[in-house]
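# Examination of the molecular architecture
Residue-level listing of the chains:
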Amino acid sequence: MEVEIPTMSGVEFARAFSLRPNSFAWFLGAGASAASGIPTGYSMIRDFKKQIFCQENKYSPQEVDSGDPLWAERIDEFFKRTNILPPDGDPEEYSAAFEAVYPTEKLRRQYIDDAVRQGTPCYGHRVLAALMSSRQLDCVFTTNFDALVERSVTISDDLLSADQRANATVAAIDSGERAQRCLDESDWPLVAKLHGDYKSSKIKNTNSELEKQDDQMRRVLVNASQRYGLVVVGYSGRDASIIEAFEHVLRDPSAYPAGFYWVTSSAKRLFPAVRTFLEHASMAGVKVAIVECKTFDELAGDLVSQIKLPDVLRQHVQLHKVAERLQSVPLNTLDALPFPVLQYSAIYVEVIPTHARRIAIERPLTTEEARKVLKAHGCRAVVAARGRELAVFGRDNELLQAFAEFGARLEGTIQLQPESESWALGLIYDALTRALARGRPLFPHLKRTGHILLVAADREGDSTELKKKRYAELTQLRSAYRDLVGRVPKLGYLFTEGIEIKLEKVDDRWWFGFEPFTHVEIPREARVEGHDGQHEPVERSARRPDASADWRRERWQGRYNGTWATIMRAWQDILTSGNDNTVSTIGLQKDEGMDAIFKLHPRTGWSRPSHNHSYFDRTK
């Protein structure tokens, strides 16, 4: 039977808590220390995944920014295709990732030691400490290794006279008898660290370590929960041993006499195990509620507005109160002017492909392997691999011939959802870059670091007619730049003007931005120290500085607004030239296969003043 758990705001909880603050114990998880600069369990998982991803794919960690959405998508996609870790969000994910990166207890303890040293008590810690120093809070349990609670109590104690100080007792899993003595003798306040202190010889982190809580510390938690209500903050409920201890308390008729309150940013984000426990507690007669509050600091602010504190402690916590994010500002009373406005280096993509050809294969391939197959067979196509199926733009007969050894067969089409699927976004990225280059004097350059288009230079063997055609098509660009291709003075490296392409969806519209830059082809021997021309470099530290960087900087520094506007217009015109502003990746005839068709707006985007002057209506 499903039990409905009531939800309350932080203010409503603070009002109830302030009536009997001594009736509650608190339970802090990693989220309570997030504002203190200490990594949460989620951020640690991201860090561990990044390290595993780099190791498995031969990347240097300095190359990968897991905070970048594109890198984050690549990392998530990698773990979806492998069984290295449990699925995303699985309760065992953190433990498995931690053990995979740091297999021994000593290494894990060193990692935790380095992480907790970054922390400084946040506003929430100081408010809890003020409650303890003023004898309004007896017991705080925590799974955290940091010393932020006890440091905060020491600071608040020092503001009081010697006879008023709380002198909190701190007990970890290697000093469980100390916690039991406090419980037996009601010697409060107590800070009980269920997984250990960062200075403890033992800490609990992985599944094998967390399978069973230390018996003595578990008894203290259970016994305290028979005396007090419990407020849980910043804790996901990931550890089965903790939830089991919470459940064990329900066997006692006096369980959680003041109630059980679970604080979370949203009731929808609760782990299933947590919701199940709350339902069991409610059925056992415990007053249960979910407190929705964004952060520990925000909850602390609600508490301070309701509880009574000595003036010296109130002044102390108010001094460290987090500044309000929303500030009153005077509204602009002046009329908006039609100028200045800004021209964006972005072109609206009115139509993008919604489907690609689906080809089933008998042996799974990666996208990189599939591209090599196409190259080996001279097949002009764009592909994204998804295990035993391929999403492709190209000629059907050529594709079947190229992938014949893999048992290729056509299986209709596959829907593309680039907003949510990184492989689909990558396929459209590749297709758009090639489409913009096709039929134009541009050369597509697809790399892991981005998609770029370079001005196509004349090559040996090009016909006179082709050179004349290319020269005419580049007239406007050449006028904007003067020289599009050449050699870097003194160095002799070949340089080419180009643009970097970035595809994004903004306000339910797809746009591709283009950023002009100068590409310099630096010989490998000039990029790597000690390169002998035979071995692939492996150490990034061996790379030499870019000798052309100063020249490129000087080349661009004198190009002010007028020059930039000319360059932007030249690129805009060459990118949107075509029949009906439509570009295609392959240029297929009917029934030859599936092509990627894009329709582009002929103008770049512009900023628009608030009065919507008709001059800027670009839809006409």
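Here the structure is a predicted model, which means the values were calculated and not measured. Counting restarts for each chain: residues are numbered from 1 in the order of the written sequence. Per-residue local features of the predicted model are confined to residues with pLDDT of at least 70, and side-chain atom pairs are confined, for both listing and counting, to 80 or more; whole-chain, interface and lining totals are unaffected and use all residues. Hydrogens are left out, water is left out, and the side-chain values use all remaining heavy atoms of the structure.

### Section: the nonpolar core
What counts is decided by this rule: The term nonpolar core refers to a set of buried residues drawn from Ala, Val, Leu, Ile, Met, Phe, Trp, Tyr and Cys, joined through side-chain atoms within 4.5 Å. Note on exposure labels: buried denotes an accessible area under 20% of the residue type's maximum, exposed denotes more than 50%, and partly exposed covers the range between, all computed with a 1.4 Å probe on protein chains only. Strands are runs of DSSP state E lasting at least two residues, helices are runs of H or I lasting at least four, and both sets are numbered from the N terminus onward. Contacts are assigned to residue pairs with any non-hydrogen atoms lying within 4.5 Å of each other.
Leu 477, Leu 503, Phe 512, Phe 514, Trp 571, Leu 575 and Phe 598 are the most contacted members of the largest nonpolar core, which totals 46 residues. Here this core takes 11 residues from helix H17 (residues 422-437), the largest share from any one element. Those residues in contact with Leu 477, other than ones at most four positions away along the chain, are Val 455, Arg 482, Leu 484, Ala 570, Trp 571 and Ile 574. Formed by 44 residues, the second largest nonpolar core is a distinct cluster that contains Phe 246, Phe 277, Ala 281 and Val 286.

### Structural notes on the pairing of strand S10 (residues 355-365)
Let me state the cut-off plainly: Strands qualify as paired when DSSP identifies two bridges or more between them.
Judged from the 5 bridges that link them, S10 and strand S12 (residues 409-415) form a sheet pairing that is antiparallel. Bridge pairing links His 355 to Gln 415 in S12. Bridge count for S10 against strand S11 (residues 382-395) is 5 bridges, and the pairing is antiparallel. Counterpart to Leu 365 in the pairing with S11 is Gly 387.

### What about the sheet that holds strand S1 (residues 7-9)?
Neighbouring strands of a sheet are bound in pairs by backbone hydrogen bonds; such pairs are parallel or else antiparallel. In plain terms, the rule: Axes here refer to lines fitted to C-alpha atoms; in helices the fit is confined to the stretch in contact. Angles between the N-to-C directions go from 0 to 180 degrees.
Across the sheet, 8 strands lie side by side as S1-S8-S7-S6-S2-S3-S5-S4; this open sheet has parallel pairing. Because the sheet does not close on itself, it has two edges, and the strands there are S1 and strand S4 (169-171). When strand polarity is set aside, the average angle formed by the axes of neighbouring strands in this sheet is 20°. Of the pairings in the sheet, the one linking S1 to strand S8 (residues 288-292) comprises 3 bridges and is parallel in character. Within S8, the residue paired with Met 8 across the bridge is Val 291. Relative to S1, helix H1 (residues 10-19) is tilted by about 85°, and along the sheet it contacts S1, strand S2 (24-28), strand S6 (229-233), strand S7 (260-264) and S8.

### Observations concerning the environment of Ser 241
You can see Ser 241 is positioned in helix H11 (residues 240-249). C-alpha separation for the pair Ser 241 and Arg 218, spaced 23 residues apart in sequence, amounts to 9.3 Å.

### Looking at the sheet that holds S10
Spatially, S12-S10-S11-S19 is the arrangement adopted by the 4 strands of the open sheet, whose pairing is antiparallel. Across the chains shown, the open sheet's two edge strands, defined by having one partner strand only, are S12 and strand S19 (593-594). Relative to S19, S11 runs antiparallel, the two being bridged by 2 bridges. Considered in S19, the bridge of Arg 395 is made with Gly 593. Across the sheet, helix H15 (residues 367-376) is in contact with S10 and S11; its angle to S11 comes to roughly 40°. Relative to S11, H17 is tilted by about 20°, and along the sheet it contacts S10, S11 and S12.

### Side note on the environment of Gln 476
Note that Gln 476 resides in helix H19 (residues 475-481). Taking the C-alpha atoms as reference, Gln 476 lies 8.9 Å from Thr 566; in sequence the two are 90 residues apart. Gln 476 has contacts with Arg 569, Ala 570 and Asp 573, leaving out every residue within four places of it along the chain.

### A look at the packing of helix H10 (residues 215-225) against H11
Applicable threshold: Should an angle lie under 35 degrees it is considered roughly parallel, over 145 roughly antiparallel, and from 65 to 115 roughly perpendicular; all remaining angles are considered oblique. Should the near helix be turned anticlockwise from the far one by less than a right angle, the crossing is termed left-handed; should it be turned clockwise, right-handed. Residue polarity follows a fixed list, in which Ala, Val, Leu, Ile, Met, Phe, Trp, Tyr, Cys and Pro are nonpolar, Asp, Glu, Lys and Arg are charged, and the others, Gly among them, are polar.
Running from N to C, H10 and H11 point in directions that differ by 40°, and their axes come no closer than 9 Å. Between H10 and H11, the crossing angle belongs to the class labelled oblique. Between H10 and H11 lies a crossing of right-handed hand. Counting all contacts with H10, which are made through Arg 218, Leu 221, Val 222 and Ser 225, the residues of H11 involved are Ser 241, Glu 244, Ala 245, Phe 246, His 248 and Val 249. Residue classes in the contact of H10 with H11 are distributed as 5 nonpolar, 3 polar and 2 charged.

### Things to note about the packing of aromatic side chains
Quick reminder of the rule: Only the six-membered ring of Trp is used, alongside the rings of Phe and Tyr, when aromatic pairs are assigned; centres must lie within 6.5 Å, and planes under 30 degrees apart are stacked while those over 60 apart are edge-to-face, with the rest tilted. In this analysis the charged atom, NZ for Lys or CZ for Arg, is taken to sit over a ring once it is within 6 Å of the ring centre and within 35 degrees of the ring normal.
All told, the structure shown has 31 aromatic pairs when counted by the stated rule. Here the aromatic rings of Phe 78 and Phe 79 are separated by 5.1 Å at their centres, their planes lie at 80°, and the arrangement is edge-to-face. Arranged with centres 6.4 Å apart and planes meeting at 85°, the rings of Phe 246 and Trp 262 form a pair that is edge-to-face. With a gap of 16 residues between them, Phe 246 in helix H11 and Trp 262 in strand S7 connect regions that are remote in the sequence. In this structure, Phe 246 and Trp 262 share a single accessibility class: buried. An aromatic cluster of at least three residues, connected via ring pairs, comprises Phe 27, Tyr 235, Phe 246, Tyr 256, Phe 260, Trp 262 and Phe 277. One Lys or Arg, Arg 74, reaches over the ring of Trp 71 and ends 4.7 Å from the middle of that ring.

### Section: the packing of helix H8 (residues 176-185) against H10
In the contact formed by H8 and H10, the axes pass within 8 Å of each other and the chain directions differ by 25°. In terms of orientation, H8 and H10 fall into the roughly parallel class. Crossing handedness for the pair H8 and H10: left-handed. In this structure, H8 uses Gly 176, Glu 177, Ala 179, Gln 180 and Leu 183 to contact H10, whose residues at the interface are Gln 216, Met 217, Arg 219, Val 220, Asn 223 and Ala 224.

### Examining helix H12 (residues 272-283)
Our working definition: Expected span, for any helix, means 1.5 Å times one less than how many residues it has.
The end-to-end C-alpha separation of H12 is 17 Å, in line with the 16 Å expected for 12 residues at 1.5 Å each. What H12 keeps buried is the set Val 274, Phe 277, Leu 278, Glu 279 and Ala 281. Looking at the buried residues of H12, the elements they touch are H11, S7 and S8. With its phi angle positive at about 95°, Gly 285 sits one or two positions after the end of H12.

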